[in-house]
Amino acid sequence: MIEVTNIEDWGLGLKKNLVIAGPCSAETPEQITQIANEMNDSFVPNIFRAGIWKPRTRPGNFEGIGKEGLSWMEIVREKLNIPITVEVANAKHVEEALAAGIEILWIGARTTVNPFSVQEICDSLKGVDIPVMVKNPINPDLALWKGALERLNKAGITKLAAIHRGFSSSIKTKYRNTPEWGYAVRLKEELPDLPIICDPSHIGGKRDLIHEVSQQAYNLGLDGLMVETHHDPDNAWSDAKQQVTPARLKEIINSLVLRESITKRPELMNELERLRESVDTIDAQILDLLAQRFEQIEAIGDYKRQNNLTVFQQDRWETVTNNRVEMGKGKNMSESFMRAFLDAIHTESLKKQESRIKLADKVSV
Ligand code: PEP
Ligand code: MN
């Protein structure tokens, strides 16, 4: 179990549906000043973010301004008077961020994957009462995400939040990191008190997707957004394509529809129950059809055995996959969903055919 302190009790004047905004990277004092000024004129977020140390995929790119950038956060404090969060990836970062009075830390996706690094951060935070937000690991692994939160909890940190920034995938989609919302939803189910903040900038990878992804996050009941914001996004030193101006951020936030939790609107429960019942019926029909499909597969397995054929026939499976993926696309189902779905069916079918053969062999012995 993870002990979580309510975000209202972090002592930073925060509540759910919060917005974290600021540049991917702190670049210069002028840049920070300009962003803070434009935020003042349009939209002041609840928390200011800035990357000080940047984990870059390949060397030679801008690796963050380092410690010096921490002192520029005073500009933000003076102009906006809001808490500041920076990414930390090791004990030295933690030490420097704490010394600069940073109010909230976050652990980046490339660090969450590494329990050694997470533990190093936890060790350097022993006895320190500071909120920490944990981005999901780059690979879709809920245990690793929870594991990082558990380590922090063990180190005494209870002011915790998760940041959903999408996952790496070998399948090309319109996203930079596919959202795979199911992981965020499962985390919410398992840890209902933990705020989950969506990072539409890193999910989308392009600014045109920020609105859509943010709305999806709110539809699922996530608790806030982290949006990369820059006064001159196209000329940002990192992640230029996925940043927006403070003025655009204001437009995005104002046009999002906030959904209420059903527990606050009991009068809507009846209709929801009716809709859910029809989903239950459809699920039962899907399962009946699947059971019929597996029976048919078993019959094929028997036939193959009687005629001494191999269980798995690669070319047939390829034809089936391609055909079903196309059928799925025609019905508005994504290729990644169709492939995962077919894969699960195929694995189960193979198991059934194999156990059928083993059974028959036993009988004939
Ligand atoms: C970032 O927030 O700029 C960042 C590096 O994100 P992530 O860890 O999600 O890649
Ligand atoms: Mn970034």
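Scoring rules and cut-offs
Residues numbered from 1 in each chain as written. Chains lettered and ligands numbered in written order. Predicted model: local features only at pLDDT ≥ 70, side-chain atom pairs only at ≥ 80, totals over all residues. Heavy atoms only, no water. Helix = DSSP H or I, 4+ residues; strand = E, 2+ residues; numbered from the N terminus. Buried < 20%, exposed > 50% of the residue type's maximum accessible area, 1.4 Å probe, protein only. Contact = heavy atoms within 4.5 Å. Lys, Arg positive; Asp, Glu negative; His and termini not counted. Charge placed at Lys NZ, Arg CZ, Asp CG, Glu CD. Donors = N, O, S within 2.8 Å, 3.2 Å for Na, K, Ca; no water. Core = buried A, V, L, I, M, F, W, Y, C linked by side-chain atoms within 4.5 Å. Near = heavy atom within 4 Å. Polar contact = N/O pair within 3.5 Å; in protein donor to acceptor, adjacent residues only side chain to side chain. Areas by Shrake-Rupley, 256 points an atom, 1.4 Å probe, with all protein chains shown as cover. Nonpolar A, V, L, I, M, F, W, Y, C, P; charged D, E, K, R; others polar. Domains from an automatic or database assignment. Disulfide = S-S within 2.5 Å. Phe/Tyr/Trp six-rings, centres within 6.5 Å; stacked < 30°, edge-to-face > 60°. Lys NZ or Arg CZ within 6 Å of the ring centre and 35° of its normal. Patch = residues over 30% accessible without salt bridge, like charges linked within 9 Å, V, L, I, M, F, W, Y side chains within 5 Å. Salt bridge = Lys/Arg side-chain N within 4 Å of Asp/Glu carboxyl O. Pairing = 2+ DSSP bridges. Axes fitted to C-alpha atoms, helices over the stretch in contact; angles between N-to-C directions.

Engineer: Before we move on, can you summarise the overall build of the chain with the specific residues and values?
Structural biologist: Regarding its fold elements, the chain presents 13 helices and eight strands. Along the longest, intermediate and shortest principal axes, the C-alpha atoms of the chain span 80 × 50 × 40 Å. Out of the 365 residues in the chain, the part that is buried amounts to 44%. In the chain, 72% of the contacts between residues at least 6 apart in sequence involve partners at least 24 apart. Each charge class in the chain was averaged separately, 46 positive and 52 negative side chains, and the resulting centres sit 4 Å apart.

Engineer: Please set out the coordination of the manganese ion (ligand 2) residue by residue, giving values where relevant.
Structural biologist: Taken together, Cys24 (SG), His202 (NE2), Glu228 (OE) and Asp239 (OD) make up the protein donors of the manganese ion (ligand 2), found 2.1 to 2.4 Å from the metal. A relative accessible area of 2% places cysteine 24 in the buried class.

Engineer: Any chance you could break down the nonpolar core for me, citing the residues and the numbers?
Structural biologist: The tendency in soluble globular proteins is for nonpolar side chains to be buried as a group. Counting residues in hydrophobic clusters, the biggest one holds 68 residues, and the most contacted among them are Phe48, Met73, Val86, Leu105, Leu125 and Leu152. Beyond its immediate chain neighbours, meaning those up to four positions away, leucine 105 contacts Thr85, Val86, Val88, Val94, Ala97, Leu125, Ile130, Pro131, Val132 and Met133. Counting 13 residues, the second largest nonpolar core, distinct from the first, contains Leu18, Ile104, Ile163 and Ile197.

Engineer: Kindly report on the site of ligand 1, identifying the contributing residues and their values.
Structural biologist: Close to ligand 1 lie Cys24, Arg49, Lys54, Glu87, Trp106, Gly108, Ala109, Arg110, Lys135, Arg165, His202 and Glu228, which account for all nearby residues. Residue arginine 49 places a side-chain N or O atom 2.7 Å away from an oxygen atom belonging to ligand 1. Between ligand 1 and lysine 54 there is a distance of 2.8 Å, counted from an oxygen atom to a side-chain nitrogen or oxygen. Starting from 300 Å² of accessible surface for ligand 1 in isolation, the protein chains cover 97%. Of the residues that constitute the shell around ligand 1, the class distribution is three nonpolar, two polar and seven charged.

Engineer: Residue-level account of the domain arrangement of the chain, with values.
Structural biologist: Domains assigned within the chain are domain 1 (7-259) and domain 2 (266-364). The C-alpha centroid of domain 2 is placed 40 Å from the C-alpha centroid of domain 1.

Engineer: Kindly report on the state of the cysteines, identifying the contributing residues and their values.
Structural biologist: The bond known as a disulfide is covalent and runs between the sulfur atoms of two cysteines. One pass over the full model with this rule turns up zero disulfides. Free of any disulfide, cysteine 198 has its nearest cysteine sulfur in cysteine 24, 16 Å distant.

Engineer: Can you lay out the packing of aromatic side chains for me, pointing to particular residues and giving the numbers?
Structural biologist: If you walk through the whole model with that rule in mind, you get four aromatic pairs. Measuring from ring centre to ring centre gives 5.1 Å for phenylalanine 62 and tryptophan 237, while their planes differ by 90°; the resulting arrangement is edge-to-face. Note that phenylalanine 62 is positioned in the loop between β2 (47-49) and α2 (68-80) and tryptophan 237 in the loop between β8 (224-228) and α10 (246-255), a separation of 175 residues in sequence. With relative accessibility at 43%, the residue tryptophan 237 sits in the partly exposed group. Between phenylalanine 337 and phenylalanine 341 the ring centres are 5.7 Å apart and the planes differ by 15°, which places this aromatic pair in the stacked class. Taken together, the positions of phenylalanine 337 and phenylalanine 341, both in helix α13 (residues 335-364) and four residues apart, correspond to about one turn of that helix. Accessibility expressed as a relative area gives 35% for phenylalanine 341, which makes it partly exposed. A connected cluster of aromatic rings, assembled from ring pairs, spans Trp145, Phe167 and Tyr183. Above the face of the phenylalanine 294 ring, lysine 352 is positioned so that its terminal group lies 5.4 Å from the ring centre.

Engineer: Describe a nonpolar patch on the surface, naming the residues involved and giving the relevant values.
Structural biologist: On the surface, a cluster of nonpolar side chains totalling about 260 Å² of accessible area is made up of Met333, Phe337 and Phe341. One can find methionine 333 in the loop between α12 (314-330) and α13. With relative accessibility at 33%, the residue methionine 333 sits in the partly exposed group.

Engineer: So what's going on with the pattern of salt bridges? Residues and values would help.
Structural biologist: Any two side chains of opposite charge can pair, so long as their charged atoms come close to each other. All told, the structure shown has 19 salt bridges when counted by the stated rule. The closest approach of N and O atoms between arginine 176 and aspartate 239, which form a salt bridge, is 3.2 Å. Here the residue arginine 176 occupies a position in the loop between β6 (160-164) and α7 (181-190), and aspartate 239 occupies one in the loop between β8 and α10, the gap between them amounting to 63 residues. The partner of lysine 352 in a salt bridge is glutamate 348, with the nearest N and O atoms 3.8 Å apart. You can see lysine 352 and its partner glutamate 348 sitting in helix α13, four residues apart, about one turn around the helix. Salt bridges sharing partners connect three or more residues here, namely Glu326, Lys329, Glu335 and Arg339.

Engineer: Mind laying out the sheet that holds strand β5 (residues 132-135), listing which residues take part and the relevant values?
Structural biologist: Neighbouring strands of a sheet are bound in pairs by backbone hydrogen bonds; such pairs are parallel or else antiparallel. With parallel pairing, the eight strands of this closed barrel are ordered in space as β1-β2-β3-β4-β5-β6-β7-β8. Neighbour-to-neighbour, the strand axes of this sheet turn through a mean angle of 25°, independent of strand direction. Note that strand β1 (residues 18-22) and β8 share five bridges and pair parallel. Opposite leucine 18, over in β8, you have glycine 224 as the bridge partner.

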